[in-house]
Amino acid sequence: MTHLDIEAIRKDFPILNEEINGRPLIYLDTSATSQKPQSVIDITTEYYTHNNANVHRGVHTLGTRATDGYEKARETVRQFIHAKYFEEIIFTRGTTTAINTIAHSFGDIFVSEGDEIVITEMEHHANLVPWQQLAKRKKAVLKYIPMNEDGTLSLEQVKETITEKTKIVSVAHVSNVLGTINDIQSIAKIAHENGAVMVSDGAQAVPHMQVDVQALDVDFYAFSGHKMLGPTGIGVLYGKKKYLDQMEPIEFGGDMIDFVGLQDSTWTELPTKFEAGTPLIAEAIGLGEAIRYLQKVGLDAIAEYEHELTAYAYEKMSEIEGLEIYGPSAEQRAGLITFNLAGVHPHDLATALDSHGIAVRAGHHCAQPLMKWLNQSSTARASFYIYNTKEEIDQFITSLKETKEFFSYEF
Ligand code: C6P
């Protein structure tokens, strides 16, 4: 049993007071985006109310306050993911922008015709399409590590797929559909033994578990603030300095330049080299506060509680006849369960649950190759976080059973 005071945590999230279709909101869609605690909402409002100015430009007091807030947020992120240098933390719009930046900037320099890029079929489109495009631009080969039947990866298969021709390996730390937690540290070791760089998509990992980029020994790591209690529009690209130093920016303009002449220009140092234009100031400050909130609760306690909720939901859902769960066992997965209920289209299911105040996601979850692998056109997904309770899961199970009953009515 968790030692977390879930009722106290719930009080920090004002949206949980909402009624949806006459019922209290049960929010089981954190994997799409998390809800925000009052402290994150407040710090953003405080920034706009008292400190709003552009960063790295004005010498006036507000400019200094904004710059301090923005750069402190960078340091908070650095400590949170245990990066070695603050220059290794680049603020981006989210995971998608971070991975596209790697694919363009690193890919354009280090990938050539005939080289291999290795990913998996469980990737979100954000960690798949940028590599497809890079492979096309460079006439490189895009390879997929085959998955086990339960949606996990075996290191044997990883070893067989990565070769000395492989330049980039990019694998999700946690799958947004299967919930699989991949052994990134071991995959990185195999990638490095073959001279490849290791990229990991941490969008579904960082909000839910301790991440140490140095221990994982990843070369690049990407995640989004909005899935970890932070604002939308802010994310992080972590990269080892030795690579970021050699890479060219992919966006050009204000703040990222050193000297601009009529025909040529030079770039400033890291991390600003990759942050052209006015950055996401309020959003970065909000992300810093979200991290403080997560640290106050404790990442280990969060992971443990989510595991408890997931195991509970998994067991109850498994008892429903005609309900199929995709992905590994409850022990091997993060806090989400993707499923289908026989005879009910996932969109109908999500609509029926919404009429009971329950928010789940339905569709292909931006992972069409994985849907093909599962042989499903779409699925439903329930995802859990620190503000969910066992009582909410009980209500979810009751609503699933009622929906099943409703759709199985024979005329
Ligand atoms: N997944 C989901 O409902 P952005 O949109 O850039 O913040 O994150 C993209 C992304 C990348 N990788 C993984 C593993 C993800 O889960 C996501 C976002 C959401 O599953 C929205 S599609």
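What counts, and at which threshold
- Residues numbered from 1 in each chain as written.
- Predicted model: local features only at pLDDT ≥ 70, side-chain atom pairs only at ≥ 80, totals over all residues.
- Heavy atoms only, no water.
- Salt bridge = Lys/Arg side-chain N within 4 Å of Asp/Glu carboxyl O.
- Helix = DSSP H or I, 4+ residues; strand = E, 2+ residues; numbered from the N terminus.
- Buried < 20%, exposed > 50% of the residue type's maximum accessible area, 1.4 Å probe, protein only.
- Expected span 1.5 Å × (residues − 1).
- Pairing = 2+ DSSP bridges.
- Contact = heavy atoms within 4.5 Å.

Q: Would you mind showing me how to read the pattern of salt bridges here?
A: When the charged atoms of two side chains lie near each other, side chains of opposite charge can form a pair. Taken as a whole and judged by the stated rule, the model has 16 salt bridges. In this structure, aspartate 29 engages arginine 381 in a salt bridge whose closest nitrogen and oxygen atoms are separated by 3.5 Å. Of this pair, aspartate 29 sits in the loop between β3 (26-27) and α2 (38-51) while arginine 381 sits in strand β17 (residues 379-383), and the two are 352 residues apart along the sequence. Accessibility classification places aspartate 29 together with arginine 381 in one group, the buried group. Measuring nitrogen to oxygen at the nearest pair gives 2.7 Å for the salt bridge that ties aspartate 217 to lysine 240. With a gap of 23 residues between them, aspartate 217 in the loop between α8 (213-216) and β9 (220-224) and lysine 240 in the loop between β10 (235-239) and α9 (241-244) connect regions that are remote in the sequence. A relative accessible area of 32% places aspartate 217 in the partly exposed class. Accessibility expressed as a relative area gives 16% for lysine 240, which makes it buried. Residues joined by salt bridges that share partners form a network here, namely Glu71, Arg74 and Glu275.

Q: Can you help me understand helix α10 (residues 281-297) in this one?
A: For an α-helix the count is 3.6 residues per turn, leaving residues at separations of three or four pointing the same way. For α10, spanning 17 residues, the distance from its first C-alpha to its last is 25 Å, which sits close to the expected 24 Å at 1.5 Å a residue. Among the 17 residues that make up α10, 13 are buried, leaving the element largely enclosed by the rest of the structure. Backbone geometry just downstream of α10 places glycine 298 in the positive-phi region, at approximately 100 degrees.

Q: Please explain the pairing of strand β4 (residues 89-92) as it appears in this structure.
A: Along any regular strand, the residues point their side chains to alternate faces of the sheet. Of the two faces of β4, the one carrying Ile89 and Phe91 and the one carrying Ile90 and Thr92 are both buried. Here four bridges tie β4 to β10, and the two strands are oriented antiparallel to one another. Residue pairing across strands places threonine 92 opposite glycine 235, the latter belonging to β10.

Q: Can you help me understand the environment of tyrosine 243 in this one?
A: Here tyrosine 243 is to be found in helix α9. The class of tyrosine 243 is buried, set by a relative accessible area of 16%. When near neighbours in sequence (up to four residues on either side) are disregarded, tyrosine 243 contacts Phe106, Val197, Asp219 and Phe220.

No statement about biological role is implied by the geometric values presented.
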